[in-house]
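Here's the letter readout for the chains.
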Amino acid sequence: MAAPSRDKPKDMRSWIAELEAASELIRIDKPVDPLTQMGSLLYQSREKALFFEKLPHGWRSLGQAPANLRHAAVAFGVSEEDLVPHVAAKLGTCIPPVMVNSGPVKELKLERGAFDLTQLPVHVAGQRDGGPVIGSGLVVTKDPETGQRNLSFHRLQIKGPHKSGILLYPRHTWRNYLKYQERNEPMPVAIFIGHHPLYYVAAATTAAYGVDELEIAGGLLGQAVPLVKCETVDLEVPAAAEIVLEGVIPPHVREDEGPFSEFQDYYVTGTGKNPVVEYQFMTRRKDAIFKNLQNGSEMEGCVFHKLPMSATIFRRLKSVGGGPNLHNVAMLPGVFGLVIQMTPRFYGEAKNLLLAALSSEYQHPKVAIAVDADVDIFNHSELLWALSTRVNPREDVVVVPGTHNHAMDASLPELGAPGTGLWQRLGSKLIIDATIPPPVDAEARAAFERIRPRNPQIRLEDFAAAASLPLVQGLAPIFFGSKLLR
Ligand SMILES: Cc1cc2nc3c(=O)[nH]c(=O)nc-3n(C[C@H](O)[C@H](O)[C@H](O)COP(=O)(O)O)c2cc1C
Ligand SMILES: [Mn+2]
């Protein structure tokens, strides 16, 4: 047992304090019904995190935190523009967790008769959802042969006081589950709810099979994650989580699960016969705060999709062709598309990067677009402008047919049902090179020099009255080369 780090570990409470200090959190002291009201409130709050202070059975809960990449930048302590390169660098620094004797999550130890999932403030996110779903549960499992730990997000539809559904996309938890199923044994699981967002980013990171995402969390946090042993399963969980559920996924059991408001902004995908989790134990803080998580193409769930995905792809692209001049990567809403911001060294280099971006650790990317450094990749009109003024479709647009795509992309034909080995989609991929000629061909590149006012240093706010400031704040950004002036 190692002594816990002297730095106070980051947890959901330090995160709430950080959000409040940055004026990014709204406290809601009116009673809110999670089944009929909370989803609408979370859905509307695209700018601010929400802290619900008055929920049934005395619960409090945090949602939309992070609501957007600006909040994620607060969590990492960097600017929004530096966020992806920063996280990409941090992903290269794993720190193994340390075991500790106890922690806040052990304050209450509740046996099967002493807890009831239907009393948690779990919300119904969308109109067609099959019921309340815990969207913030991070699932710890082990490979039964090697004992290697895995951590990932899985939606958990409440089915009774001690039972939920679970969606296992065919990745690592599914792979572990198949091994247990082959042995005819239930798979032990431990699920923690409520922690600092860096744990959530780590859980959504797609690493190689066998890599412990809690080591990735340590790297992101810059300190080892303190872990405690579970009470009824041979698994470990973060000591400073709010709530831990211990249970098993029985082999062969499949039940109707879904629909659910998913990350692409649709309900249909993944719905069908899926496994279930049976819970036998809960540990929690005495005054535990619940975590609600709303999904959708521009909701909290998508921040956790976008950030590790763009950072992982950024890392991968950094080595293509001996090291490109890569500035940033951003996922598009719905996360089946992405944009690469780069300065090409060679003619054709952007296409090489785009092909690499479409065959990374992640199965989601289907559309990849490359732009130069003078295009603001967070501004979708700038992207559409680049697509329409810098693309010769015959040369710059390529469709690769017959590729494996994400099984939850409703626009592609589904081969088999969810929960089976043939839950696959055979689709295609699209690359669009919207970069301009490389700097080595200065003459060709000059044709794309963007118009700029005669003296870009002169600022309207120095001339306009304070009353017209909102107008001034709506001004277009001005770039000098690749440097953003505002
Ligand atoms: C908000 C959110 C919800 C997710 N829900 C699920 C889910 O219900 N089922 C699933 O299999 N993966 C889900 N994922 C994706 C996995 O967590 C992600 O692919 C992760 O990298 C998988 O871990 P693995 O690489 O260890 O398999 C979700 C991701 C996020 C960000
Ligand atoms: Mn994994």
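Being a predicted model, the structure only gives us computed values, none of them experimental.

What counts, and at which threshold
- Residues numbered from 1 in each chain as written.
- Chains lettered and ligands numbered in written order.
- Predicted model: local features only at pLDDT ≥ 70, side-chain atom pairs only at ≥ 80, totals over all residues.
- Heavy atoms only, no water.
- Near = heavy atom within 4 Å.
- Polar contact = N/O pair within 3.5 Å; in protein donor to acceptor, adjacent residues only side chain to side chain.
- Areas by Shrake-Rupley, 256 points an atom, 1.4 Å probe, with all protein chains shown as cover.
- 1 Å grid on protein atoms, 1.4 Å probe; cavity = no way out; pocket = protein on both sides within 12 Å on 5 of 7 lines; lining within 4 Å.
- Sits in = over half its atoms within 2 Å of the grid points.
- Helix = DSSP H or I, 4+ residues; strand = E, 2+ residues; numbered from the N terminus.
- Nonpolar A, V, L, I, M, F, W, Y, C, P; charged D, E, K, R; others polar.
- Axes fitted to C-alpha atoms, helices over the stretch in contact; angles between N-to-C directions.
- Parallel < 35°, antiparallel > 145°, perpendicular 65-115°, else oblique.
- Left-handed = near helix turned anticlockwise from the far one by under 90°.
- Contact = heavy atoms within 4.5 Å.
- Phe/Tyr/Trp six-rings, centres within 6.5 Å; stacked < 30°, edge-to-face > 60°.
- Buried < 20%, exposed > 50% of the residue type's maximum accessible area, 1.4 Å probe, protein only.
- Patch = residues over 30% accessible without salt bridge, like charges linked within 9 Å, V, L, I, M, F, W, Y side chains within 5 Å.
- Salt bridge = Lys/Arg side-chain N within 4 Å of Asp/Glu carboxyl O.
- Points joined across faces, edges and corners; volume = space filled by probe spheres on them.
- Donors = N, O, S within 2.8 Å, 3.2 Å for Na, K, Ca; no water.

Chemist: Lay out the site of ligand 1 with the relevant residues and their values.
Modeler: Arg155, Leu167, Tyr169, His172 and Thr206 are the nearest of the 20 residues found near ligand 1. For ligand 1, an oxygen atom lies 3.1 Å from a polar atom in the backbone of phenylalanine 153. Within the contact set of ligand 1, an oxygen atom lies 2.7 Å away from a backbone nitrogen or oxygen of arginine 155. Across the complex, the protein chains shield 93% of the 630 Å² of accessible surface that ligand 1 would expose by itself. In a pocket analysis with a 2 Å cut-off to the grid points, ligand 1 is assigned to the largest cavity. The set of elements that each furnish at least two residues to the shell around ligand 1 consists of strand 8 (149–153) and helix 8 (300–317). Residue composition of the shell around ligand 1, grouped by class: eight nonpolar, nine polar and three charged.

Chemist: Now, about the packing of helix 8 against helix 9 (residues 349–357): what can you tell me, with residues and values included?
Modeler: At their nearest, the axes of helix 8 and helix 9 sit 10 Å apart, and the two run at 130° to each other. With respect to helix 9, the axis of helix 8 lies oblique. The element helix 8 and its partner helix 9 pack so that their crossing is right-handed. Where helix 8 approaches helix 9, its residues Ile313, Arg316 and Leu317 are matched on the opposing element by Leu353, Ala356 and Ala357.

Chemist: Quick rundown of the packing of aromatic side chains? Include the residues and the values.
Modeler: Counting across every chain of the model gives eight aromatic pairs. Here the aromatic rings of tyrosine 169 and tryptophan 423 are separated by 5.4 Å at their centres, their planes lie at 70°, and the arrangement is edge-to-face. Placement of the pair is tyrosine 169 in the loop between strand 10 (163–165) and helix 5 (172–182) and tryptophan 423 in the loop between strand 22 (397–405) and strand 23 (425–433), with a sequence separation of 254 residues. For the pair formed by tyrosine 169 and tryptophan 423, the shared burial category is buried.

Chemist: Quick one: what's the story with a nonpolar patch on the surface, residue by residue and with numbers?
Modeler: Judged by side-chain polarity, Leu415, Leu422 and Leu426 come together as a nonpolar surface patch covering roughly 280 Å² of accessible area. Within the secondary structure, leucine 426 is located in strand 23.

Chemist: Which residues make up empty space enclosed by the protein, and what values do they have?
Modeler: The tally for this structure, following the rule as stated, stands at three cavities of 30 Å³ or more. Its volume calculated, the largest cavity comes out at about 650 Å³. Elements represented by at least two residues in the lining of the largest cavity include exactly strand 8, helix 5 and helix 8. A per-element tally of the lining of the largest cavity places strand 8 first, with four residues. Residue composition of the lining of the largest cavity, by class: 14 nonpolar, 14 polar and five charged.

Chemist: An account of the coordination of the manganese ion (ligand 2) is needed here, citing residue identities and associated values.
Modeler: With distances of 2.1 to 2.2 Å, the protein atoms coordinating the manganese ion (ligand 2) are Asn150 (OD1), His172 (ND1) and Glu213 (OE). Counting gaps between the donor residues of the manganese ion (ligand 2) yields the pattern N-x21-H-x40-E. Here histidine 172 is found in helix 5, whereas its partner glutamate 213 is found in helix 7 (residues 213–221), with 41 residues between them in sequence. Take histidine 172: its relative accessible area is 9%, and that puts it in the buried class. Taking relative accessible area as the criterion, glutamate 213 reaches 3% and is therefore assigned buried.

Chemist: Explain the pattern of salt bridges to me, using residue names and the numbers behind them.
Modeler: This structure, assessed with the given rule, holds 31 salt bridges. One salt bridge connects lysine 179 with glutamate 145, and the closest N-O pair in it is separated by 3.2 Å. Pair noted here: lysine 179 is in helix 5 and glutamate 145 is in the loop between strand 7 (137–142) and strand 8, with a separation of 34 residues, a long-range link. Of the charged contacts in the structure, one is a salt bridge between arginine 316 and glutamate 361, with a shortest N-O distance of 3.1 Å. Residue arginine 316 is located in helix 8, and its partner glutamate 361 is located in the loop between helix 9 and strand 21 (367–371); the two are separated by 45 residues in the primary sequence. Linked through salt bridges whose partners overlap, the residues forming this network are Asp11, Arg13, Arg60, Glu242, Arg285 and Asp287.

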